[in-house]
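Chain and residue survey
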Amino acid sequence: MSKSHNQHAARQNRKRFSLRTYIAHHRHALLHGFRQLTKNPFASLLTIAVLSITLVLPTGLLVILGNAQQYTQVWQTGTNVSVYMQPQATNTQVSFTRQALQKVNNIKTINYVSPNEGLANFAKQSGLNDIIKTLGANPLPGLFSIKPNDQSPAAINILVSQLQALPNVDAVKLDMQWVKRLNAIITLLEHFTYGLVVLLGLSVLLIIGNTIRMAVQSYHHEIEVIKLVGGSNHFTRRPFLYSGAFYGLASGIFAAVILDFFLLWLQNPLNKLTALYGTHVNLEGLDFSQTCLLLLCGLALGYLGSWLVVDRHLKRINPE
Amino acid sequence: MIKFSNVHKKYANGHDALKRASLNIDSGEMVFLTGHSGAGKSTLLKLIAGLENVTRGDVWVNSQDLAKMTPRKLPKFRRDIGIVLQNPHLIPDQTVFDNVALPLILEGFSKVEMGKRVRGALDKVGLLQKELYLPEELSTGEQQRVGLARAVVNKPVLLLADEPTGNLDPELSREIMQLFTDFNNVGTTVLIATHDVELINEFPFRVINIEQGQLSEANNVKVA
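Residues numbered from 1 in each chain as written. Chains lettered and ligands numbered in written order. Predicted model: local features only at pLDDT ≥ 70, side-chain atom pairs only at ≥ 80, totals over all residues.

Describing the overall build of chain B
Note the cut-off: Every helix listed is a DSSP run of H or I at least four residues long, and every strand listed is a run of E at least two residues long, numbered separately from the N terminus. The globule rule used for comparison is 2.2 Å times the number of residues to the exponent 0.38, while the radius of gyration itself is calculated over C-alpha atoms. Here, residues touch in the contact sense if the C-beta positions derived from the backbone fall within 7 Å of one another.
The helix and strand inventory of chain B stands at 7 helices and 10 strands. Over its C-alpha trace chain B gives a radius of gyration of 17 Å, about what one expects of a compact globule, namely 17 Å for 224 residues. Summarising its shape, the C-alpha atoms of chain B cover approximately 45 × 40 × 35 Å along the three principal directions. Relative to all contacts within chain B whose residues are 6 or more apart in sequence, the contacts with residues 24 or more apart total 68%.

Structure (structure tokens):
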């Protein structure tokens, strides 16, 4: 009688500490999840190596993309604004416009090409000298070729509208071909990178899922015992979820380190390349919050990859 | 404690393991279940532990209708039952202490209380000195006693054993059986499946015989 009373009391005791039970279970799972990695350290390291390389690829591309977008402006120094005069503009009108141009902000250099110079240039470049001679009158207008100081799209837009408002100006043309091409390349690279991020993220999920599947098999015996003595599904699967998260987190850390070395390795040849263009580009690696984001992504992918497979495989194991 | 009424168990391969079995075991009883191997002893125990489902009929264990037991409630139900199998099912890379502590971890006991209980159970089975050993460092009989310690550490209301002495010599078997009677003496209901008729004749408990899936009460020699 006193025994059954004790049993009852013991059962009451357990219910009271449900939060403590929860914490104790998570601590147990954390420990056992970690032990799964250290049980076969070499195999775990190999898995983490594969995962971190898989993470480095998309992250590296994102970083390079970010750098490219940041330095697009440096590469836009070729931007040229052409201001076409009205065809019938006289020399006085041209010099009047030049004076007006000199008062406009954000202009670095002004170069005037008269209709005759323009025609001579065209004849030289195109080789159509004979045909041009038959034209009689010169069809080309006078042209101011302008290089702006501030090359940002916003500043150039303002400049263009200012130039259009000048007297005797027929049209303002922006030589944006180079910028447009560059932006198109960057957009392409963006799409490529985002596609790769999705694909390689999926492969991280699959690699972790497969690793956890094998772990479940190798812990077959232990899982049987836990189920036999009344471990809930949550209790049984938790170490595997933690283990997946550990794999992801460790891979994220490795990936961040690999990426830093990789960028360091690229900096020198990049310096040589940019020197040829007369500029200098400093490759920006991951900042603190981006590094945190990478680790978090690794952790989440690891947890998710494990979560996707663990239930299905645990269900197959039952005590005999 | 255990009530079977018209229980029928048919396996997927068509084998009828139990046919219209009815059974009643009261709280605090100690009962032997005998029969040839393959007669249905293990099936009966699995049904009680919720490891298998009945095909027809009702099974009540510890005041709970197993037909209404959802998979979510099953672990909680099983924590009130101690199970000992012929193979003790120990976790090979954990110490004796950790193996025995597992049911207490599930229940969320504090470290201090856990230590007390585990050592109490190990003391009971005579293995207090070996709590830091790994299962492979123990003899078969000792491993079986660790399994028994794990089964009772949570003070279950019901103790089920399937051929617990199957791998042991008569001397060790008698010791293990004595331990079961000790647990029964403190109020635990005990059901042991064994084919060792000689051994159970030494104990004055109720015997249920199972033959080709049918149950019958057998008179124990000593009681008769």
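From this point, the discussion proceeds with the structure in view.
Re the overall build of chain A
Definition in use: Once C-beta atoms are placed from the backbone, each residue is buried if 20 or more other C-beta atoms lie within 10 Å of its own, exposed if 12 or fewer, and partly exposed for counts between those two.
Per the secondary structure count, chain A includes 11 helices and 4 strands. For chain A, the C-alpha radius of gyration of 34 Å lies well beyond 20 Å, the compact-globule estimate for 320 residues. Along the first, second and third principal axes, the C-alpha set of chain A runs to 120 × 40 × 30 Å. Here chain A, with 320 residues, has 24% of them falling under the buried criterion. A separation threshold of at least 6 residues defines the contact pool for chain A, and within that pool the share at least 24 residues apart is 87%.

Brief notes about the interface of chain A and chain B
Quick note on the threshold: As a working rule, the residues Ala, Val, Leu, Ile, Met, Phe, Trp, Tyr, Cys and Pro are called nonpolar, Asp, Glu, Lys and Arg charged, and the rest polar, with Gly in that last group.
Taken together, the 23 residues of chain A in the interface contact 20 residues of chain B. Looking at the side of chain A that touches chain B, the elements with two or more residues in it are α1 (2–16), α2 (18–39) and α9 (220–228) of chain A. Looking at the side of chain A that touches chain B element by element, the count peaks at 6 residues for α9(A). Split into classes, the residues belonging to the side of chain A that touches chain B amount to 9 nonpolar, 9 polar and 5 charged.

Some details on the nonpolar core
Here is the rule we go by: Think of a nonpolar core as buried Ala, Val, Leu, Ile, Met, Phe, Trp, Tyr and Cys residues, each tied to the set through C-beta atoms within 7 Å.
Leu33(B), Val100(B), Ala149(B) and Leu160(B) are the most contacted members of the largest nonpolar core, which totals 101 residues. Examining the composition of this core, we find that 11 residues originate from one element, helix α10 (residues 233–276) of chain A, more than from any other. Each residue touching Leu33(B), except ones within four places of it in the same chain, is listed here: Lys41(B), Leu44(B), Leu191(B), Ile192(B), Ala193(B), Ile208(B) and Ile210(B). Val83(A), Met85(A), Phe144(A) and Leu159(A) belong to the second largest nonpolar core, which has 7 residues in total.

Some remarks on the pairing of strand β7 (residues 158–162) of chain B
Residues and elements named next belong to chain B. Keep this limit in mind: Think of it this way: DSSP has to see at least two bridges between two strands before they count as a pair. If you view a crossover with the strands going away from you and the path from the first strand over the helix to the second runs clockwise, you call it right-handed.
When you tally the buried positions in β7, you get 5 out of 5 residues, the bulk of the element. Neither face of β7 is exposed, since Leu158, Leu160 and Asp162 on one face and Leu159 and Ala161 on the opposite face are all buried. Across 4 bridges, the pairing between strand β6 (residues 81–84) and β7 is parallel. In the strand pairing of β7, isoleucine 81 is matched with leucine 158. The sheet contact formed by β7 and strand β8 (residues 189–193) spans 5 bridges and is parallel. Along β8, the bridge assignment pairs leucine 158 with threonine 189. The parallel pair β7 and β8 is bridged by helix α6 (residues 170–185), and the resulting crossover is right-handed.

Looking at unusual backbone geometry
All names here are of chain A. Although it is not a glycine, asparagine 106 sits at a positive phi angle of roughly 65°. Its place among the elements puts asparagine 106 in the loop between α4 (91–102) and β2 (107–113). We note that asparagine 168 has phi near 65°; this positive angle belongs to a residue other than glycine. By the element assignment, asparagine 168 lies in the loop between α7 (153–164) and β4 (169–175). On the basis of neighbour count, asparagine 168 is assigned to the partly exposed category, with 17 C-beta atoms found within 10 Å.

Side note on the confidence of the model for chain B
What counts is decided by this rule: Per residue, pLDDT measures the predictor's confidence, with a range of 0 to 100.
Considering every residue of chain B, the mean pLDDT works out to 89; 97% of them sit at 70 or more. With pTM at 0.76, the complex prediction returns an ipTM value of 0.88.

Some remarks on the confidence of the model for chain A
All names here are of chain A. Here chain A averages 85 in pLDDT, and 92% of its residues register 70 or above. No element of chain A has a lower mean pLDDT than α1, at 48, and none a higher one than helix α11 (residues 288–315), at 94. The low-confidence segment residues 1–6 (pLDDT under 50) makes 3 contacts with residues lying over four places distant or belonging to another chain. Between residues 12–16, whose pLDDT stays under 50, and residues either more than four places distant or in other chains, the model counts 2 contacts.

Focus: the packing of helix α3 (residues 96–107) of chain B against helix α4 (residues 111–124) of chain B
What describes two packed helices is the angle between their axes and the distance between those same axes. Residues and elements named next belong to chain B. This is how the line gets drawn: To obtain each axis, a line is fitted to C-alpha atoms, and for helices this fit is confined to the stretch in contact; angles are then taken between N-to-C directions over 0 to 180 degrees. If an angle is under 35 degrees, it is roughly parallel; if it is over 145, roughly antiparallel; if it lies from 65 to 115, roughly perpendicular; otherwise it is oblique. In this scheme, a crossing is called left-handed if the near helix is turned counterclockwise away from the far one by less than a right angle; it is called right-handed if the turn is clockwise.
Put simply, α3 and α4 touch, their axes get as near as 9 Å, and they point 120° apart. Considered as vectors, α3 and α4 are oriented oblique to each other. Judged by the twist between their axes, the crossing of α3 over α4 is right-handed. Every residue of α4 that contacts α3 at Phe97, Val100, Ala101 and Leu104 is listed here: Met114, Arg117, Val118, Ala121 and Leu122.

Section: the sheet that holds strand β2 (residues 16–25) of chain B
Residue and element names in this part refer to chain B. Pairing within the open sheet is antiparallel, and its 4 strands lie in the order β2-β1-β4-β5. Of all strands in the sheet, those with a lone pairing partner are β2 and β5 (64–65), marking the two edges. Relative to β5, strand β4 (residues 56–61) runs antiparallel, the two being bridged by 2 bridges. Bridging from a neighbouring strand, valine 61 pairs with glutamine 64 of β5. Strand contacts of helix α1 (residues 41–49): β1 (2–10), β2 and β4, with the helix running at about 120° to β1, the strand carrying the most contacts.

Some details on the environment of Thr187(A)
With respect to the secondary-structure elements, Thr187(A) resides in helix α8 (residues 177–218). Taking the C-alpha atoms as reference, Thr187(A) lies 9.8 Å from Gln69(A); in sequence the two are 118 residues apart.

Considerations on the sheet that holds strand β1 (residues 80–85) of chain A
All names here are of chain A. With antiparallel pairing, 4 strands are arranged side by side in an open sheet as β2-β3-β1-β4. Lying at the two open borders of the sheet, with one neighbouring strand each, are β2 and β4. On average, adjacent strands in this sheet sit at an angle of 20° to one another, irrespective of strand direction. Bridging between β1 and strand β3 (residues 143–148) involves 4 bridges; their strand directions are antiparallel.

A look at the pairing of β1(A)
Strand direction decides the pairing type here: β1(A) and β4(A), joined by 6 bridges, are antiparallel. Of the residues in β4(A), the one forming a bridge with Val83(A) is Val172(A).

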